[in-house]
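Inside the fold
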Amino acid sequence: MIKNIYFIHRFHFNKSYYENDDFQELKNNGYRVKYIDIVGLLKSSKLEDTCPEDLKKDVIYINTKKEFKQFLSDNKHNSVLATCVGLQINSAWFYRIISQSKIPYIFLDVNFFPQLKSSNRIKNVSTKVKRLFEKTAPNYLFLKGIRSIDYYYTKFILRPSVAILYVKSSIRKRVLKLANKDTKLIKTNSNDWNTANKNVLKIVDSDNYLVFIDQYVPYHPDFVARNIDLKFTAEEYYNEINSNLENVSKGTGLEVIIAAHPRRMGANDYNFPLFYNETSNLIKHSKLVLAHYSTAVNFAAIHNIPLQFLTSNLLQRSYIGRNIEDMAFTFNKKPINLSSEQFNNENFQNLLNIDNLAYSEYIEKNLAPSDSSQTGEIIIEVIELLDFREN
């Protein structure tokens, strides 16, 4: 009988994971629900733990592979894992341990970077060439060789997932590596779609504001884990964005509200009000959304709110500039360069235009709304099926 549900993602636990994985719904149905934190093994031990203090009671911290293996072995008879960690060369050990322990698991293909159109083929080719050189470096090839042995061994002994929850109209090939003929393939909505359609109270009194989506650019865990040099400092970035958001507010007559990145820690770096874990709510009642290339633009598409992308000479020093261009191109927009363009009443009216076809295509490719239930309800159905098989 399944009593425990353990979630595993690549980053530290936070409020978004708690809500998206429907922790409360699962708890209300009598399950013991916990998050297994193995971020130091999956990503990097350098990442700061961004889990709020009030949620740490829901987290089990595991620091070594040996400890992880022992934990799964001790809990395999009354537990199920739910994870979005894919089977790749650098995560083969994860699935090797899962397969050896024989614990059942559900794969959640519900969170991913959206499929974007490319605005510059030349830049894309140059990026691929650069990555090719990086992947032929001696140290990289040596490490890859060792991991490849583990990867192919893991594929040989792999126990398939009992179910795959997926959003895109066709399941990604890398996801199908975790399935066999007995795996239940269940199409569901994206987490953002479910979040956006929850009934929540408006939290901002004003009806005349815009939302800037904070991307935690200088301190984002991905940049830290991968040792990415952004070629600018946090002070440079926040000085630039604050100054320009003030100009935006003056030019448009709109108040500026910041939707905080879920992994943001510490003080507010902005000169404007900062709200945590309310991105969908804030965007739903706003007049305009400003962003770099955050996946939180999903909420602008769902709520049908005008969207504009911001770049600058500073951001274009790194690959961030290219990502902004591609995301803007996907929505049939041209990014505004804060280093050379200013907002005024005339161009503000242009910002309010929405390309409905671009929004519809984006939703179809990346959010895939359907009549399916939310994640927690589907997981309960899968668990009931597992319990039935055992009996």
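The text that follows walks through the structure, step by step, so that each part is easy to find. (Residues numbered from 1 in each chain as written. Predicted model: local features only at pLDDT ≥ 70, side-chain atom pairs only at ≥ 80, totals over all residues. Heavy atoms only, no water.)

1. Quick word on the sheet that holds strand 4 (residues 79-83)
We apply this condition: Here, a strand pair is defined by DSSP locating no fewer than two bridges between the strands. Secondary structure elements follow DSSP: runs of H or I of four or more residues count as helices, runs of E of two or more count as strands, with numbering from the N terminus. Axis lines are fitted to C-alpha atoms, over the contacting stretch for helices. Their N-to-C directions set the angle, which ranges from 0 to 180 degrees.
Read from one edge of the open sheet, 7 strands run 3-2-1-4-5-6-7, paired in parallel fashion. The strands lining the two open edges of the sheet, one partner per strand, are strand 3 (59-61) and strand 7 (184-187). Neighbour-to-neighbour, the strand axes of the sheet open up by a mean angle of 25°, direction not taken into account. Sheet analysis places strand 1 (residues 4-8) next to strand 2 (residues 32-37), joined by 4 bridges and oriented parallel.

2. A closer look at the sheet that holds strand 9 (residues 255-259)
Hydrogen bonds along the backbone pair up the strands of a sheet, which may run parallel or antiparallel. Here is the rule: Only heavy atoms enter the contact rule, under which two residues are in contact if any of them lie within 4.5 Å.
A sheet is described by the order of its strands in space; here 6 strands give the open sequence 10-9-8-11-12-13, paired in parallel fashion. With one partner strand each, in any of the chains shown, strand 10 (274-275) and strand 13 (336-337) form the two edges of the open sheet. Pairing of strand 9 with strand 10, which is carried by 2 bridges, proceeds in the parallel orientation. Note that in strand 10 the partner of Ile 258 across the bridge is Leu 274. Packing of helix 11 (residues 234-252) onto the sheet brings it into contact with strand 8 (209-213), strand 9 and strand 11 (288-291), and relative to strand 8 it is tilted by some 160°.

3. Overview of the packing of helix 4 (residues 65-75) against helix 5 (residues 92-101)
Counted only if it meets this: Throughout this description, any angle smaller than 35 degrees is read as roughly parallel, any larger than 145 degrees as roughly antiparallel, any in the 65 to 115 degree range as roughly perpendicular, and the remainder as oblique. Should the near helix be turned counterclockwise from the far one by less than a right angle, the crossing is left-handed, whereas a clockwise turn marks it as right-handed. Basically, the charged four are Asp, Glu, Lys and Arg, the nonpolar ten are Ala, Val, Leu, Ile, Met, Phe, Trp, Tyr, Cys and Pro, and anything else, Gly included, counts as polar.
With their axes 9 Å apart at the nearest point, helix 4 and helix 5 run at an angle of 30° to one another. Relative to helix 5, the element helix 4 is oriented roughly parallel. With respect to the hand of their crossing, helix 4 and helix 5 are arranged in right-handed fashion. Facing Lys 65, Phe 68, Lys 69, Leu 72 and Ser 73 of helix 4, the residues of helix 5 in contact are Trp 93, Phe 94, Ile 97, Ile 98, Gln 100 and Ser 101. In terms of residue class, the contact of helix 4 with helix 5 is made up of 6 nonpolar, 3 polar and 2 charged.

4. Regarding the pairing of strand 1
How we decide: A simple rule labels every residue: compare its accessible area, found with a 1.4 Å probe on the protein chains alone, to the largest value its type can have, and call it buried under 20%, exposed over 50%, or partly exposed in between.
In terms of burial, strand 1 is largely enclosed, as 5 of its 5 residues are buried. Residue alternation in strand 1 divides its side chains into two sets, Asn 4, Tyr 6 and Ile 8 and Ile 5 and Phe 7, and both sets are buried. Pairing of strand 1 with strand 4, which is carried by 5 bridges, proceeds in the parallel orientation. Note that in strand 4 the partner of Asn 4 across the bridge is Ser 79.

5. Some points on the environment of Asp 182
Its location among the elements puts Asp 182 in the loop between helix 8 (173-176) and strand 7. Distance in space between the C-alpha atoms of Asp 182 and Val 162 is 7.2 Å, their sequence separation being 20 residues.

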